[in-house]
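A closer look at the structure
Single-letter residue listing:
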Amino acid sequence: MNIEWDKLGFEFMPTRSNIRFSYKDGKWSEGKLYSSNEITISIAANCIHYGQAAFDGLKAFCCKDGKVRLFRPKENARRLNSTIDYLMMPHFPEEKFVAAVKTVVKDNIDYVPPYGTGGSLYIRPVIFGTSPQIGVAPATEYELIIMVMPVGPYYKGGIKPVRAMIHDKVDRAAPQGTGHVKAAANYAAGLYPTSLALKGDCSIMLFLDSKTHQLIEEFGTSNFFGVTPDGKYVTPKSSSILPSITNKSLMQLAGDLSIPVEHRDVYKTELETFAEVGACGTAVVITPISEIIHHDKVYKYGRKNIGPVSRKLYDKMTGIQYGEIADEHNWMMEVL
Ligand SMILES: Cc1ncc(COP(=O)(O)O)c(C=O)c1O
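Conventions adopted
Residues numbered from 1 in each chain as written. Predicted model: local features only at pLDDT ≥ 70, side-chain atom pairs only at ≥ 80, totals over all residues. Heavy atoms only, no water. Buried < 20%, exposed > 50% of the residue type's maximum accessible area, 1.4 Å probe, protein only. Helix = DSSP H or I, 4+ residues; strand = E, 2+ residues; numbered from the N terminus. Pairing = 2+ DSSP bridges. Contact = heavy atoms within 4.5 Å. Core = buried A, V, L, I, M, F, W, Y, C linked by side-chain atoms within 4.5 Å. Axes fitted to C-alpha atoms, helices over the stretch in contact; angles between N-to-C directions. Parallel < 35°, antiparallel > 145°, perpendicular 65-115°, else oblique. Left-handed = near helix turned anticlockwise from the far one by under 90°. Nonpolar A, V, L, I, M, F, W, Y, C, P; charged D, E, K, R; others polar.

Burial runs high along strand β16 (residues 285-294): ten of the ten residues are buried. Of the strand pairs in this sheet, strand β9 (residues 162-166) and β16 are connected by five bridges, and their pairing is parallel. Note on β16: the bridge partner recorded for I166 is H294. By the bridge criterion, four bridges tie strand β15 (residues 276-281) to β16 in an arrangement that is antiparallel. Bridging from a neighbouring strand, C280 pairs with I286 of β16. Counted between consecutive antiparallel strands, the loop separating β15 from β16 contains three residues. Sheet topology places β16 next to strand β17 (residues 297-300); four bridges connect them, and they run antiparallel. Counterpart to E291 in the pairing with β17 is K300.

Moving on to the environment of L58. With respect to the secondary-structure elements, L58 resides in strand β5 (residues 58-62). Overall, L58 belongs to the buried group, its relative accessible area being 2%. Placed 51 residues apart in sequence, L58 and K7 show a C-alpha to C-alpha distance of 20 Å. Aside from chain neighbours lying at most four places away, what touches L58 is P73, N76, F97, V101, L121, Y122, I123, P125 and T282.

Once that is clear, we can look at the nonpolar core. What tends to happen in soluble globular proteins is that the nonpolar side chains get buried as a cluster. One finds F97, V105, I123 and I146 to be the most contacted residues of the largest nonpolar core, which totals 39 residues. Elements with a contribution of two residues or more to this core: β1 (18-24), β5, β6 (68-71), α2 (73-86), α3 (94-107), β7 (120-129) and β8 (142-151). In contact with I146, not counting residues within four places along its chain, are N18, I19, F97, A100, V101, V104, I123, R124 and P125. Listed in part, the 23 residues of the second largest apolar core include V285, M317, I320 and M332.

A few words now on the pairing of β1. β1 sits mainly inside the fold: five of its seven residues count as buried. Here β1 runs beside strand β2 (residues 27-28); their pairing, made up of two bridges, is antiparallel. Within β2, the position partnered with K24 by the bridge is K27. The loop that links β1 with its antiparallel partner β2 comprises two residues; one of these, D25, has a positive phi angle of about 50°.

To describe two helices that pack against each other, one gives the angle between their axes and the distance between the axes. Their axes nearest at 9 Å, the elements α2 and α3 cross at an angle of 125°. Considered as vectors, α2 and α3 are oriented oblique to each other. Judged by the twist between their axes, the crossing of α2 over α3 is right-handed. Here P73, K74, N76, A77, R78, L80 and N81 of α2 lie close against α3, whose contacting residues are E94, F97 and V98. When grouped by side-chain class, the residues that make up the contact of α2 with α3 number five nonpolar, two polar and three charged.

Shape descriptors only; they carry no functional weight alone.
As structure tokens, this is what we get:
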């Protein structure tokens, strides 16, 4: 094993093991660690044809005291189950989820990037229907796999600002559809829109609400926040965006730092007024947005670096995750 920790991006890397559970005859099996990264499923598995598949994502950090800790794993267990409910899959008990995450992280402990490298161990649970069937219906059998891999920044350049695009001809989530859950299909549907962003030299697509195109929803990979010139943290409230655990945590930290928080409808006209804009999520942490391109309009946040309010929040969040400052809300859970 020879990993250049400071050169890590956000890519798949095989590690020692993944943990797997099978659902059959109405119950989940015990977890088993596998060293193989391969699976064999029926050509008629429901997940391939009808996309009954979902995932989640969380991280483990090597902290300043040398201990490895998870960031809010119960929140991910809850969100995974809310996705599971919507996609008609079988519930996976929260305690079983947290125990499984701990087991697989422990087994791969030497893949957790050391403290000081800026990396983390990304934990990716995935669940999918495996029973062979050709009619559209929920599967009767499932597989839940939790894989882990060391990662660095999602967008090249760490917390350097990236450009975002809004495009009037593409949408992400229907108002009463699947935007609020982590259905795999949401991400397949985002590939073409994201290709438009990439063609326009932007890293990320910012989606408006599909019904009126007047409200800001979220980025393809993360939630949206803006900072007003008088220093308020503003983030969209919508039933068709993913409830980000990072955003929820940032709202709490903003409150702790006496930064006023507005969680409400955010109009695209407000893009003119923000002093800072950021994308937030487990993978992207806080990624500042330098410009938003909306056809012939360009909203400039014109920063070479992260803005001051985003920076404060970034430092507080990563300080807690790496055990450098007090974890007042008990968000971190020790693994080893
Ligand atoms: C569409 C979308 N929104 C928001 C997020 C951020 O959620 P969280 O902070 O829980 O990672 C993610 C990724 O995790 C995402 O894929």
